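# Results of the structural survey
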Amino acid sequence: GAVVSQHPSWVICKSGTSVKIECRSLDFQATTMFWYRQFPKQSLMLMATSNEGSKATYEQGVEKDKFLINHASLTLSTLTVTSAHPEDSSFYICSAGGTGVGDQPQHFGDGTRLSIL
Amino acid sequence: GESVGLHLPTLSVQEGDNSIINCAYSNSASDYFIWYKQESGKGPQFIIDIRSNMDKRQGQRVTVLLNKTVKHLSLQIAATQPGDSAVYFCAENTNAGGTSYGKLTFGQGTILTVHP
């Protein structure tokens, strides 16, 4: 149980386009979802925390107008990278937490590799 | 803390050896710690956790040690296997009781390579 699915797993697009990444909790209700970014050979950096039905809370230095997060239901959160540029190329990972999902605080998706040309 | 621009530390061991991976955490108020394994192109996978009221916890082939005095965490892997090769991260949760709602702060990470 406690499976988190992320889609797409890999996306390549041209500079200036917007890209939407989906994060779904398949078998539990995710009250809280987290979005991380990971550059090569580096650690995971938290970008934002979203609670279902509320506005996301962004970490310092993360542009909320560039990284739009929507958490409209208990099983789906989306991250939209608006007007993406090559420096936005990274590995984006979501995680989900909720009640009744065992003893782990967050369950992670398998990430989305975003490459901006 | 952040490690922007730095390469991850590496640890190379022979198959069958024991591995010890270390982590220094930053927040003395953190009350819950987790070790994750991350394979290439995948998300972190939970290995073992420990709460701040403990100093040792054992799982299958893994042991986590917590030293709150020096804010240090270690992961010991017994009889390391090639399948253990991955990047290992410690994470700290500064939320009372370690609930699902707490933010995780990830450590720098260590690349473990196990040679057959």
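Numbering of residues starts from 1 in each chain and follows the order in which that chain's sequence is written. To label them, take the chains in the order written and letter them from A, then take the ligands in the order written and number them from 1. In view of the model being predicted, local features appear only for residues whose pLDDT reaches at least 70, and side-chain atom pairs are presented and counted only at 80 or more, with totals across whole chains, interfaces and linings using the full set of residues. Side-chain figures throughout are based on the complete set of non-hydrogen atoms in the structure, without hydrogens or water.

### What about the overall build of chain A?
What counts here: What counts as a helix is a DSSP run of H or I of at least four residues, what counts as a strand is a run of E of at least two, and both are numbered from the N terminus. All radius of gyration figures rest on C-alpha atoms, and the globule criterion is 2.2 Å times the number of residues raised to 0.38.
Helix and strand content of chain A: zero helices and eleven strands. Written out in order from the N terminus, the α and β elements of chain A read β-β-β-β-β-β-β-β-β-β-β. Whereas a compact globule of 117 residues would reach a radius of gyration of roughly 13 Å, chain A reaches 13 Å, a difference of no more than 12%. Here the C-alpha coordinates of chain A stretch approximately 40 × 25 × 20 Å along the principal axes.

### A closer look at the pairing of strand E4 (residues 45–51) of chain B
Residue and element names in this part refer to chain B. The condition is simple: We call two strands paired when DSSP finds no fewer than two bridges between them.
As paired strands, strand E3 (residues 32–38) and E4 are joined by six bridges and run antiparallel to one another. Across the sheet, residue Trp 35 finds its bridge partner in E4, namely Ile 48. Between E3 and E4, which pair antiparallel one after the other, the connecting turn spans six residues, and Gly 41 there sits at a positive phi close to 75 degrees.

### As for the packing of aromatic side chains
As a reminder of what qualifies: Here the aromatic set is Phe, Tyr and Trp, taking the six-membered ring for Trp, and pairing holds for ring centres within 6.5 Å; pairs whose planes are under 30 degrees apart are stacked, those over 60 apart are edge-to-face, and all others are tilted. Buried residues are those whose accessible area, probed at 1.4 Å on protein chains only, stays under 20% of the maximum for their type, while exposed residues exceed 50% and partly exposed ones sit between those limits. Definition used: whenever NZ (Lys) or CZ (Arg) falls within 6 Å of the ring centre and also within 35 degrees of the ring normal, the charge is taken to sit over that ring.
Under the criterion given, the structure shown has nine aromatic pairs over all chains. Aromatic side chains Phe67(A) and Tyr92(A) sit 6.3 Å apart centroid to centroid with 40 degrees between the ring planes, which places their arrangement in the tilted category. Of this pair, Phe67(A) sits in strand E7 (residues 67–73) while Tyr92(A) sits in strand E9 (residues 90–97), and the two are 25 residues apart along the sequence. For the pair Phe67(A) and Tyr92(A), one class covers both residues: buried. Three or more aromatic residues joined by ring pairs make a cluster, and in this case those are Tyr36(A), Phe108(A), Tyr36(B), Phe46(B), Phe89(B) and Phe106(B). Lying across the ring of Tyr32(B), Arg51(B) places its NZ or CZ 4.4 Å from the centre.

### Section: the interface of chain A and chain B
Cut-off, in case you're wondering: Contacts are assigned to residue pairs that have any heavy atoms within 4.5 Å of one another. The buried area of a pairing is the accessible area, by a 1.4 Å probe, that goes missing from both parts when the two are put together, added over both. Note on definitions: salt bridges are taken to be side-chain nitrogens of Lys or Arg within 4 Å of carboxyl oxygens of Asp or Glu. Two N or O atoms count as a polar contact when they lie within 3.5 Å, although within protein this holds only if one can serve as hydrogen donor and the other as acceptor, and sequence-adjacent residues are included solely when both atoms are side-chain atoms. Residues were grouped as follows: Ala, Val, Leu, Ile, Met, Phe, Trp, Tyr, Cys and Pro as nonpolar; Asp, Glu, Lys and Arg as charged; and all remaining residues, including Gly, as polar.
Contacts between chain A and chain B engage 26 residues on the former and 29 residues on the latter. Of the roughly 2,100 Å² buried at the junction of chain A and chain B (both faces included), carbon and sulfur atoms supply 56%. With a closest N to O distance of 3.0 Å, Lys103(B) and Glu59(A) form a salt bridge. Inspection of the region where chain A meets chain B yields four residue pairs in polar contact (both at pLDDT 80 or more). Counting residues per element, the ones that place at least two in the side of chain A that touches chain B are strand E4 (32–38), strand E5 (45–51) and E9 of chain A. Along the lines of polarity and charge, the residues of the side of chain A that touches chain B split into nine nonpolar, twelve polar and five charged.

### A closer look at the sheet that holds strand E7 (residues 72–77) of chain B
Residue and element names in this part refer to chain B. Applicable threshold: To define axes, lines are fitted to C-alpha atoms, for helices over the stretch in contact only, and angles between the resulting N-to-C directions are given on a 0 to 180 degree scale.
Pairing within the open sheet is antiparallel, and its four strands lie in the order E2-E7-E6-E5. Two strands in the sheet have a free side with no partner beyond their single neighbour: strand E2 (19–24) and strand E5 (56–58). On average, each strand axis in the sheet is inclined to that of its neighbour by 15 degrees, with strand direction left out of account. Looking at chain direction, E2 and E7 are connected through six bridges and run antiparallel. Bridge pairing links Asn 22 to Ser 74 in E7.

### As for the state of the cysteines
Residues and elements named next belong to chain A. In plain terms, the rule: Note on terminology: pairs of cysteine sulfur atoms within 2.5 Å are recorded as disulfides.
For the coordinates displayed, the defined rule picks out two disulfides over all chains. The disulfide partner of Cys 23 is Cys 94, and the gap between their sulfur atoms is 2.0 Å. Its torsion about the S-S bond being 80 degrees, the disulfide of Cys 23 and Cys 94 is classed as right-handed. Linking Cys 23 in strand E3 (residues 19–25) with Cys 94 in strand E9, this pair joins segments that are 71 residues apart in sequence. Using a relative accessible area of 0% as the deciding quantity, one classes Cys 23 as buried. Note on Cys 13: no disulfide assigned, nearest cysteine sulfur contributed by Cys 94 at a separation of 18 Å.

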